[in-house]
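A structural walkthrough
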Amino acid sequence: MKFLFLLTIIFVVACSEEVSSSSECGDNVLDVGEECDGTNTGGAQCSDHGFYYGPVSCNDDCTLDLSLCSNSCGDGVLDGSEECDDEKFGGVTCQTLGYNGGVLACTLACTFDVTDCQSSGRCGDGTIDELEDCEGEDLNGSTCEDLGFDGGTLRCASDCSYDDSFCLHVGCGDFIQAGNEECDGTDYGGQSCGTLGYYGGDVTCNENCTLDISDCESHGWCGDGTANGDEECDADDLMDQACSDLGYHGGALTCSPACELILTDCYSYGTCGDGIVNEPYETCDGSSMGAFSTCEDNPTENYYNGTHTPTCTPECTVDFGDCPLNGSCGDGIRQAAYEECEGAFLGSATCGSVNPGSTGTLTCNANCSFNTSLCTGTCDGAALEPGEMCDGSLFPGGQDCGDYGYNPGPAALTCVDCESIDDSSCVSNGYCGDNILQSPYEKCDYSTAPSCTSLGYEAGTTAPCVDCEVDTSACHNTSPGIVGDACTSVAQCDEFTGTTLNNMCLTSLGGSPVLGGYCTAVCTGISDHRCAVNGGLCMPNPINSLNYCMKPCRDNADCTRTGYTCHMYIEGSGTYYFCMP
C-alpha cells in the first residue's frame, strides 16, 4: 500500500498599530512598557527577531510569543536570503563562483567565505592555471586549427575556456547547415526563437555560420529576470505583487524556475473566505464561527443563547448584533426562560413562595437568581439557610459521599433534621482500599492491580496500585517506538516523547491495513518540527485530511523494516522521501 500526500501549511501572524497610555494588560491596546496586548502585536514579525517564517502572537503577560517562529541563520537549513547555512551551500562551490579550486566556507552571517578559494587562483587573474584553457587574450598558443577546424579566429570565453564560435569548417556559406555549424545562410538547423526558449523574434545567421539571437533576446525569456510574455514572475520580478494582493493575510511570494508564482507560504496565512478561521486576523470565516458560535461566547456581554446567534461579516469578524434580542442579565428585562428575577423585579415571588413556610425579604442576585439570605424559615428542603447543617438533598458546598472517603456512587448522604449528616448509606459505594474494584471510580484496588502486558506494554512487572490508580512506571517496551517503528498498540510507541504531540499506533488507514503497524502522531504540517525530535517529518495524508509524522529516507538502505522501501513524493516544488510499505 502506498500513501499519497498533499502539502498543507497553516500559519498565522498578528499585526496591529494601536498605542495608548492605558496600563491594563489584556485590553488589546498596546501600552507603554508592553511588547504586545491580546491580538495587538504592534506589527511585530518573526523576521524582526532573526527568524524567517511563522506567526508572532502575544503571551498573557503582554510579552511577544515567538514559539511558532522558525528557521534562522545558523540552523543548518538553507532558506530565506541566505547564501549558505553551516554546511549547506545549495550546490555552490569555489568553482561555480569562478575559482579554479579551493574550499568554500560559510560566515556567521550566512554569506559565502571565499578566503580559501583565492589561494587556488581564478579565471580572470591573468595567469593560465591547470584548470584553464586560456586567459583573456592569452590563448596559450592554440588556434582554431589546433582544435580541428579549417580556420577562423579562436577566442577565450569569460570562463577561461576556448570559444570556438568563430572557428570555421570548409563549407560555411553553402546554405547547408552541417558539422559544427549552428546555421548556414537561411538553413537554421530547425532552430527558432521559440525552440531556444524565447517569447518571440527571428533568428538570423552570422557570416561565420553561428546563430544571431539578438532579436530573440529583445522579446525576453524565462530566466532573464524580467516578467514578460505569459510569465507570472521572473526571478525577483514579482510584478509588484504580494500575498496580500492575492487576498491572503500575509506570507512571502516567490518565483519558480518555470516563472510561476509559488504561493506555499501565502496558503499558510489563509484568506478571508476560505472557510478556515485564520487567527489572529479572523474571528470567524463563513459558517466557521471559531470560538464564537453562540451568543453566550461574547467576551464582553452576558447574552443568553436564545433563538438568535452571532453572524460572520464579509470581513471575517463576528457580529453579535442579533444577540441583544435574546436578552442578558442586567438589561432590566426579565427573561423567564433564563432568569428568576431581574434587579428589583421579582414578579409575584416572595420568601414564602420560594421556600414554603419562610418569611422575610426576597431579593435578586447579580446573576438574576433569587437571594434568600434575608429569608428565615423551617427545614423544608428548599434552601440551605443559616443555622442548618443540611436541608433535604442540600449539603454545604455540594458535598457527596466522595467528601467522606467513599466513592461517589449511587448512594448519597442523608440529612437528619437539618442538624446532622449521615454517611452510613455511602458504605455500599465502597472505598479505595477495600480490595474491591469499584468501576468507574477506581482503576484498581490494591490486590486487583493489572499486569503490564494487559495494559499493552511489552514487558515489566505487575503495575502497582497507588490510591486506586495504576502506576505504570515499572512497565516498558522492548522496542524504541520512534517514528516509523512497528507496533500493535499505542503503548509500544511510548518512547515517542519529548514533544506535545499525542502518540498513536497506526494499524489501518482508509479501511486498509498498515503493514506491521506504524508509530506516529498527528501533527500540523510540513513546518511542524516537533516530529523531528523522534526522527520524523510532518506530511499531509489526503485519505483522512490529517497530517502524520513520517520517517524520512534517502534510499532503500534507510528502510530496515521488512516490506518497507523508500518512496518518493513530489508536492509543488518540493520532493520528499519516506519509508513506506
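Right above here is the structure, for reference.
Residues numbered from 1 in each chain as written. Predicted model: local features only at pLDDT ≥ 70, side-chain atom pairs only at ≥ 80, totals over all residues. Heavy atoms only, no water.

Turning next to the environment of glycine 225. Along the chain, the position of glycine 225 falls in the loop between α2 (214-217) and β15 (254-255). With a relative accessible area of 32%, glycine 225 lands in the partly exposed category. Once the C-alpha coordinates of glycine 225 and aspartate 236 are considered, the two residues, eleven residues apart in sequence, prove to be 6.6 Å apart. Excluding anything up to four places from it in sequence, glycine 225 contacts Asp234, Ala235 and Asp237. (Helix = DSSP H or I, 4+ residues; strand = E, 2+ residues; numbered from the N terminus. Buried < 20%, exposed > 50% of the residue type's maximum accessible area, 1.4 Å probe, protein only. Contact = heavy atoms within 4.5 Å.)

Turning our attention to the pattern of salt bridges. For the structure on display, the rule yields one salt bridge. The partner of aspartate 558 in a salt bridge is arginine 554, and the shortest N-O contact between them spans 3.2 Å. Overall, the relative accessible area of 70% leaves arginine 554 in the exposed class. (Salt bridge = Lys/Arg side-chain N within 4 Å of Asp/Glu carboxyl O.)

Its place among the elements puts alanine 486 in the loop between β28 (475-476) and β29 (503-509). Along the chain, alanine 486 and glycine 516 lie 30 residues apart, while their C-alpha atoms are 5.4 Å from each other. Ignoring sequence-local partners within four residues, the contact set of alanine 486 consists of Gly516, Gly517, Cys519 and Arg561.

This part is about the packing of aromatic side chains. Using the criterion set out here, one finds six aromatic pairs in the structure. Taking 5.3 Å as the distance between ring centres and 75 degrees as the angle between the ring planes, the aromatic pair formed by tyrosine 198 and tryptophan 221 counts as edge-to-face. Taken as a pair, tyrosine 198 in the loop between β12 (167-168) and β13 (204-205) and tryptophan 221 in the loop between α2 and β15 lie far apart in primary sequence, 23 residues in all. Classification of tryptophan 221 as partly exposed rests on a relative accessible area of 29%. Taking the centre distance of 6.3 Å and the plane angle of 85 degrees together, the rings of tyrosine 406 and tyrosine 431 count as edge-to-face. (Phe/Tyr/Trp six-rings, centres within 6.5 Å; stacked < 30°, edge-to-face > 60°.)

One recurring pattern in soluble globular proteins is that nonpolar side chains are buried together. Ranked by internal contacts, the top residues of the largest apolar core, which has 17 residues, are Leu506, Val514, Tyr518, Met550, Cys559, Phe578 and Met580. Among the secondary structure elements, those contributing two or more residues to this core are β29, β30 (512-523), β32 (546-550), β33 (565-571) and β34 (574-580). Ranked by residue count, the leading element in this core is β34, at four residues. (Core = buried A, V, L, I, M, F, W, Y, C linked by side-chain atoms within 4.5 Å.)

Tallying each qualifying case throughout the model produces 28 disulfides. Cysteine 123 shares a disulfide with cysteine 160; S-S distance 2.0 Å. Its S-S torsion of approximately 90 degrees makes the covalent link between cysteine 123 and cysteine 160 right-handed. Here cysteine 123, found in the loop between α1 (115-118) and β9 (151-152), pairs with cysteine 160, found in the loop between β10 (155-156) and β11 (162-163); they are 37 residues apart in sequence, far enough to count as distant. The exposure class of cysteine 160 is buried, given its relative accessible area of 3%. (Disulfide = S-S within 2.5 Å.)

What follows is about unusual backbone geometry. The residue after glutamate 279, namely proline 280, is reached through a cis peptide bond having omega 0 degrees. Within the secondary structure layout, proline 280 lies in the loop between α3 (264-269) and β17 (311-312). Even without being a glycine, alanine 235 presents a positive backbone phi close to 55 degrees. Structurally, the position occupied by alanine 235 is in the loop between α2 and β15. Looking at alanine 235, the relative accessible area reads 46%, which means it is partly exposed. Phi angles above zero are rare outside glycine, and methionine 239 is one such case at about 55 degrees. Note that methionine 239 resides in the loop between α2 and β15.

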